[in-house]
Amino acid sequence: MLEQKNPTKITVLGAGAWGTAVAIALAARHDVLLWGRNAAQMAETEAARENVHYLPGHPLPASLRVSADFEAALAHVTEADAHDAPLLILACPVAGLRPLLGQLKGRNIPNAVWLCKGFEAGTGLLPHQVAAEVLGNDVPVAALSGPSFAQEVARALPCALSVASASDALRERVVAAAHGNNMRVYSCDDMVGVEVGGAVKNVMAIATGASDGLGLGLNARAALITRGLAEITRLGVHLGAAAPTFMGLTGMGDLILTCTGDLSRNRRVGLALAQGKQLDTIVAELGHVAEGVPCAKSVRELARRLGVDMPITEAVAAVLFDGVPATEMAQRLLARDPRDELA
């Protein structure tokens, strides 16, 4: 483990459930500022000392500052001394990544570490590709990902994450800052693999939730998770990822958690689809972003364009966007011709 000699100055941009949970966890040892764009929500969070809307029941540490002042949030890290080893963490959904990066362009930021998982709608780009388009290659960037529910991280329960970056120095900085207490952080240079695993596992969680909601049994759940991992790996390797990455935290680990954990929003989408609920109703009832919904559309389009066989993704997208009942989704998957398991 790298030794963190001095507290790190950290700004977390995005005060949703996951951004708040990460800020809570890091504030135990570091100088953390949590920014949210909604001034009324941030005032409420400051008054209650908890994120009442997105992460209720989890008090903020006394040291954690909250603000709706974007300039102050940036100044916290851009004006930090070198020994403060500042980190700028982006805790927005994938849909908000490009606009947020646009606000940061030309601002002399020290780095950018995002927590989002998915492909950008319309372009089919992964987060690091979006960042390259907006920021160029001068700012070191990283993805922090892995099997982690916000509620458990905020409670300081054990978890393990992976930080992926082409920058050795930034990976070391993130590990030094975040690794400790009940959080373990591993280092990886395969950004494509880490981001593909984190994105597509959400689609597989919708499929698994639908299967469980239809009462198809534990055997079916195990089959979906296993074949889902094969599907994720197939796409990732085609995009240039290393196959072993998908046996790690951001592949198999995140897939198992999201497909089986009751806190999973994407699993809850699948359960609701099995009940025959419409997508707009499901999303409204969740009250949070379920990244697997837009991701299913993006991945289906990408897989078709690349000629990558992704039958589970095709089935999920058909239910979400084409009006196909969840029962028919299951029938389509079961009716597929046999194939070599490792093909």
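Residues numbered from 1 in each chain as written. Predicted model: local features only at pLDDT ≥ 70, side-chain atom pairs only at ≥ 80, totals over all residues. Heavy atoms only, no water.

In the nomenclature of an unreviewed UniProt entry, the chain corresponds to Glycerol-3-phosphate dehydrogenase [NAD(P)+] from the organism Massilia phyllostachyos. UniProt lists a comment for the chain under the heading Pathway (unreviewed entry), and it reads "Membrane lipid metabolism; glycerophospholipid metabolism." The UniProt entry for the chain carries the following comment under Sequence similarities (unreviewed entry): "Belongs to the NAD-dependent glycerol-3-phosphate dehydrogenase family." (UniProt positions renumbered as here; feature names shortened; annotations may be inferred.)

Visitor: Explain the environment of Gly 307 residue by residue, including any values.
Guide: Assignment of secondary structure puts Gly 307 in the loop between α13 (292-306) and α14 (311-321). Between the alpha carbons of Gly 307 and Leu 235 there is a distance of 9.6 Å; along the sequence they are 72 residues apart. (Helix = DSSP H or I, 4+ residues; strand = E, 2+ residues; numbered from the N terminus.)

Visitor: Please provide a residue-by-residue account of the sheet that holds strand β8 (residues 183-188), values included.
Guide: The strands making up a sheet are joined through hydrogen bonds of the backbone, oriented either antiparallel or parallel. Read across the open sheet, the eight strands follow the order β3-β2-β1-β4-β5-β6-β7-β8; overall the sheet is mixed. Taken across any chain shown, the strands that pair with only one partner, and hence form the sheet edges, are β3 (65-67) and β8. If you compare each strand with its neighbour and ignore which way they point, the axes differ by 25 degrees on average. Where strand β5 (residues 112-114) and strand β6 (residues 141-145) come together, three bridges link them in parallel fashion. Note on β6: the bridge partner recorded for Val 113 is Ala 142. Where helix α4 (residues 94-104) meets the sheet, it contacts β1 (9-13), β4 (87-90) and β5, and its direction lies at approximately 150 degrees from that of β4. (Pairing = 2+ DSSP bridges. Axes fitted to C-alpha atoms, helices over the stretch in contact; angles between N-to-C directions. Contact = heavy atoms within 4.5 Å.)

Visitor: Hey, could you go over the UniProt feature "active site" (unreviewed entry) in the chain for me, with residue numbers and the actual values?
Guide: Within this structure's numbering, the places UniProt gives as "active site" (unreviewed entry) are Lys 201. Lys 201 gets classed as buried once you look at its relative accessible area, which sits at 5%. Among all residues touching Lys 201, those that are not within four sequence positions of it are Lys 117, Ile 232, Asp 254, Leu 255 and Thr 258. (Buried < 20%, exposed > 50% of the residue type's maximum accessible area, 1.4 Å probe, protein only.)

Visitor: Outline the layout of surface pockets, supporting the account with residue identities and numerical values.
Guide: In this structure, the largest pocket occupies an estimated 1,100 Å³ of space. In terms of lining residues, the largest pocket is bounded by 44 residues, among which Gly 16, Ala 17, Trp 18, Arg 265 and Val 289 are the most central. Sorting the residues of the lining of the largest pocket by element identifies α1 (17-27), α4, α6 (150-154), α8 (191-213), α10 (249-260) and α11 (265-274) as the ones contributing at least two each. The volume enclosed by the second largest pocket comes to roughly 510 Å³. Looking at the second largest pocket, it is lined by 19 residues, and the ones nearest its centre are Leu 224, Arg 227, Leu 333, Leu 334 and Arg 336. Of all the secondary-structure elements, those providing two or more residues to the lining of the second largest pocket are α9 (218-238), α14 and α15 (326-334). The leading source of residues in the lining of the second largest pocket is α9, at six residues. Grouping the amino acids of the lining of the second largest pocket by side-chain chemistry returns 11 nonpolar, one polar and seven charged. (1 Å grid on protein atoms, 1.4 Å probe; cavity = no way out; pocket = protein on both sides within 12 Å on 5 of 7 lines; lining within 4 Å. Points joined across faces, edges and corners; volume = space filled by probe spheres on them. Nonpolar A, V, L, I, M, F, W, Y, C, P; charged D, E, K, R; others polar.)

Visitor: I'd like a description of the pattern of salt bridges, backed by residues and values.
Guide: Inspection of every chain in the model, using the stated rule, returns 18 salt bridges. With its nearest N and O atoms 2.6 Å apart, the salt bridge here joins Asp 168 to Arg 171. Residue Asp 168 and its partner Arg 171 are both found in helix α7 (residues 168-178); the two are separated by three residues, about one turn of the helix. The exposure class assigned to Asp 168 is partly exposed, which follows from its relative accessible area of 48%. In this structure, the salt-bridge partner of Lys 277 is Glu 285, at a minimum N-O distance of 3.0 Å. (Salt bridge = Lys/Arg side-chain N within 4 Å of Asp/Glu carboxyl O.)

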